[in-house]
Amino acid sequence: MVGGGQLARMTHEAGIPLGIRFKLLSDTPQDSAAQVVGDVVIGDYRDLDTLRDFARGCDVITFDHEHVPTEHLRALEADGIPVRPGPDALVHAQDKGVMRAKLVEIGVPCPRHRIVADPADVVAFAAEGAGTSRSSGAESGGGFPVVLKTVRGGYDGKGVWVVDSPEEAAEPFRAGVPVLAEEKVDFVRELAANVVRSPHGQAVAYPVVESQQVNGVCDTVIAPAPDLDESLALQAEEMALRIAKELGVVGHLAVELFQTADGRILVNELAMRPHNSGHWTQDGAVTSQFANHVRAVLDLPLGDPRARAPWTVMCNVLGGDYPDMYSAYLHCMARDPQLKIHMYGKDVKPGRKVGHVNTYGTDLADVLDRARHAAGYLRGTITE
């Protein structure tokens with residue numbers, strides 16, 4: 001697995017019961033997965049020679065991020081190394097412009113968008129959206145605000161700007177990279193459809209979840225999404241499965257969605273790896289996203305994605321001013337013996353994802369309260 005973050009850490013954990021020998025390419029020995037994996041290579045994934053040396057002897061290569069250069073992945077395939085997902089699929093998660101063009105080609109609903117060259121181009125894009133937006137159905141107030149995204153490299157709100165004027169539109173272009181302009185969709189909530197697909201075409205879909213963001217970072221995931229119309233949930237699952245098939249995805253695919261006020265869904269982002277919106281599956285599904293990702297990249301039969309309980313809630317634990325989270329275990333575990341805590345071994349920094357908690361049960365209000373209390377107590381924002 002290329003990438004030493006928490007996704008690699010949890011994927012490695014899922015492979016242990018199957019006796020999978022796991023090799024890791026990590027940036028540093030302190031990375032989350034490097035702390036627990038036995039076979040670790042320290043190196044730069046952007047260097048082709050490093051990748052080739054790492055890949056020797058591997059049966060298959062997979063990832064915990066989408067940042068490996070596409071041309072390097074093609075070189076590995078030319079060397080006879082199976083890469084899953086392959087570069088032809090992964091480029092749609094690496095490049096937002098490529099992703100949007102492909103989704104439009106296959107008829108998947110997306111926000112209105114365009115690659116823009118400079119602030120003047122943003123103004124022209126905004127003007128085109130003045131009046132009633134074709135996709136959101138909302139009054140756009142002259143076209144602004146507009147969402148600007150770097151075509152490559154953004155995550156967790158990084159590389160994303162919501163601009164309200166031509167003056168604010170200048171900032172994204174200072175990095176000298178291509179920029180995608182999108183309408184700001186009038187959505188009522190964010191959803192995520194998680195699916196897994198194997199090389200021989202078997203695919204499974206997890207229940208559609210609601211994903212709640214705070215300052216551009218996922219805070220809470222509720223599975224399944226409350227009060228989601230059954231037909232809309234089915235549409236989201238079918239859309240995600242179709243995207244996985246059309247793009248040739250092997251492994252886990254997360255499709256982040258907007259649910260609009262008029263009852264439609266639009267694709268926001270794609271991620272071709274285990275995803276934050278699927279962390280609830282560790283304790284809330286028969287087979288976790290991590291276990292199914294391992295099965296998929298090894299072309300093994302996929303496991304049951306159904307939920308174990310009526311409700312499961314995942315809350316991210318973000319770093320705050322309280323560095324010693326372990327001392328909070330006594331309170332959290334005593335208060336809720338069913339609580340599941342997953343920590344990543346990271347140094348605590350304000351706003352940094354350092355772990356998550358999962359709760360489950362039959363009463364949504366209770367399950368939500370338990371998860372949010374535990375996450376807050378671990379962070380230090382709740383003290384009783």
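This one's a predicted model, so the numbers in the text were calculated from it and none came from an experiment. (Residues numbered from 1 in each chain as written. Predicted model: local features only at pLDDT ≥ 70, side-chain atom pairs only at ≥ 80, totals over all residues. Heavy atoms only, no water.)

### Comments concerning the side chain of Asp283
And step 1. For Asp283, the location among the structural elements is in helix α8 (residues 281-284).
And step 2. It turns out Asp283 is buried and unbridged, and the closest side chain with the opposite charge, Lys340, is 5.2 Å from it.
And step 3. Side chain to side chain, Asp283 and His342 meet in a polar contact 2.8 Å long.
And step 4. When sequence neighbours within four positions are dropped, the list of residues in contact with Asp283 reads Arg308, Lys340, His342, Asn358 and Tyr360. (Helix = DSSP H or I, 4+ residues; strand = E, 2+ residues; numbered from the N terminus. Buried < 20%, exposed > 50% of the residue type's maximum accessible area, 1.4 Å probe, protein only. Lys, Arg positive; Asp, Glu negative; His and termini not counted. Salt bridge = Lys/Arg side-chain N within 4 Å of Asp/Glu carboxyl O. Polar contact = N/O pair within 3.5 Å; in protein donor to acceptor, adjacent residues only side chain to side chain. Contact = heavy atoms within 4.5 Å.)

### Quick look at unusual backbone geometry
And step 1. In this model, Arg84 is joined to Pro85 through a cis peptide bond whose omega is 0 degrees.
And step 2. The phi angle at Asp227 is positive, at roughly 55 degrees, despite the residue not being glycine.
And step 3. Tracing the backbone through its elements, the reader meets Asp227 in the loop between β10 (217-223) and α7 (230-247).
And step 4. For Asp299, which is not a glycine, the phi torsion comes out positive at approximately 60 degrees.
And step 5. Note on placement: Asp299 falls in the loop between α9 (289-297) and β13 (311-318).

### Some thoughts on the packing of helix α3 (residues 70-78) against helix α4 (residues 87-94)
And step 1. Packing of α3 against α4 brings their axes to within 10 Å, and their N-to-C directions diverge by 165 degrees. With respect to α4, the axis of α3 lies roughly antiparallel. The two elements α3 and α4 cross, and the hand of that crossing is right-handed. Note on element contacts: α4 touches α3 through Pro87, Asp88, Leu90, Val91 and Gln94, opposite Thr70, Leu73, Arg74 and Glu77.
And step 2. Split into classes, the residues belonging to the contact of α3 with α4 amount to four nonpolar, two polar and three charged. (Axes fitted to C-alpha atoms, helices over the stretch in contact; angles between N-to-C directions. Parallel < 35°, antiparallel > 145°, perpendicular 65-115°, else oblique. Left-handed = near helix turned anticlockwise from the far one by under 90°. Nonpolar A, V, L, I, M, F, W, Y, C, P; charged D, E, K, R; others polar.)

### Things to note about the confidence of the model for the chain
And step 1. Chain-level statistics for the chain give a pLDDT mean of 93 and a share of 96% at 70 or above.
And step 2. Note that residues 132-142 has pLDDT below 50 and, in this model, 27 contacts with residues that lie over four places away or in other chains. (pLDDT = per-residue confidence, 0-100.)

### Points about the nonpolar core
And step 1. Val2, Ile243, Leu253 and Val267 are the most contacted members of the largest nonpolar core, which has 44 residues in total.
And step 2. Ranked by residues supplied to this core, first place goes to α7 with eight residues.
And step 3. Membership of the second largest hydrophobic core comes to 22 residues, among which are Val354, Val367, Leu368 and Ala375. (Core = buried A, V, L, I, M, F, W, Y, C linked by side-chain atoms within 4.5 Å.)

### Some points on helix α1 (residues 6-15)
And step 1. Here α1 lies mainly inside the structure; nine of its ten residues are buried.
And step 2. Looking at the buried side of α1, the elements it contacts are β1 (23-26), α8, α9, β14 (340-343) and β15 (353-361).

### Observations concerning the packing of aromatic side chains
And step 1. What the rule picks out here adds up to three aromatic pairs.
And step 2. Centroid distance Tyr206 to Trp280: 6.4 Å. Interplanar angle 85 degrees. Geometry classified as edge-to-face. Residue Tyr206 is located in the loop between β8 (203-205) and β9 (209-214), and its partner Trp280 is located in the loop between β12 (265-271) and α8; the two are separated by 74 residues in the primary sequence.
And step 3. Tyr206 gets classed as buried once you look at its relative accessible area, which sits at 1%.
And step 4. Pairing Tyr326 with Tyr329 gives two aromatic rings, centres 5.2 Å apart and planes at 70 degrees, and the pair type is edge-to-face.
And step 5. Under the relative-accessibility criterion, Tyr329 is labelled buried at 18%.
And step 6. A cation sits over an aromatic face here: Arg46 above Tyr45, 5.6 Å from the ring centre.
And step 7. Of note, Arg112 hangs over the ring of Phe125, and the distance from its end group to the ring centre comes to 4.0 Å. (Phe/Tyr/Trp six-rings, centres within 6.5 Å; stacked < 30°, edge-to-face > 60°. Lys NZ or Arg CZ within 6 Å of the ring centre and 35° of its normal.)

### Details of the environment of Lys353
And step 1. With respect to the helices, strands and loops of the structure, Lys353 is situated in strand β15.
And step 2. We classify Lys353 as buried; its relative accessible area is 12%.
And step 3. When the C-alpha atoms of Lys353 and Trp280 are compared, they prove to be 15 Å apart, with 73 residues separating the residues in sequence.
And step 4. One polar contact links Lys353 to Asn276, side chain to side chain, over a distance of 2.6 Å.

### A word on the environment of Leu191
And step 1. With respect to the secondary-structure elements, Leu191 resides in strand β7 (residues 187-197).
And step 2. In this structure, Leu191 is in contact with Val208, Val209, Glu210, Ser211, Ala225, Leu228, Val255, Glu256, Leu257, Gln259 and Ile265, ignoring residues within four places of it in sequence.

### A look at the pattern of salt bridges
And step 1. Under the defined criterion, the tally for this structure stands at 20 salt bridges.
And step 2. Its salt-bridge partner being Asp88, residue Arg74 comes within 2.5 Å of it at the nearest N-O pair. Pair noted here: Arg74 is in helix α3 and Asp88 is in helix α4, with a separation of 14 residues, a long-range link.
And step 3. Given a relative accessible area of 40%, Arg74 falls into the partly exposed group.
And step 4. The salt bridge partner of Arg114 is Glu128, with a shortest N-O separation of 2.6 Å. A residue pair is termed long-range when its members are at least 10 positions apart, and Arg114 in strand β3 (residues 113-116) and Glu128 in helix α6 (residues 119-128) qualify at 14 residues.
And step 5. Residue classification places Arg114 among the partly exposed positions, given a relative accessible area of 24%.
And step 6. In this structure, a network of salt bridges that share partners links the residues Arg100, Lys149, Glu182 and Glu269.

### Focus on a nonpolar patch on the surface
And step 1. The grouping of Leu18, Leu298 and Leu300 at the surface amounts to a nonpolar patch, some 220 Å² of accessible area in total.
And step 2. Tracing the backbone through its elements, the reader meets Leu300 in the loop between α9 and β13.
And step 3. Exposure remark for Leu300: the relative accessible area of 33% places this residue in the partly exposed category. (Patch = residues over 30% accessible without salt bridge, like charges linked within 9 Å, V, L, I, M, F, W, Y side chains within 5 Å. Areas by Shrake-Rupley, 256 points an atom, 1.4 Å probe, with all protein chains shown as cover.)

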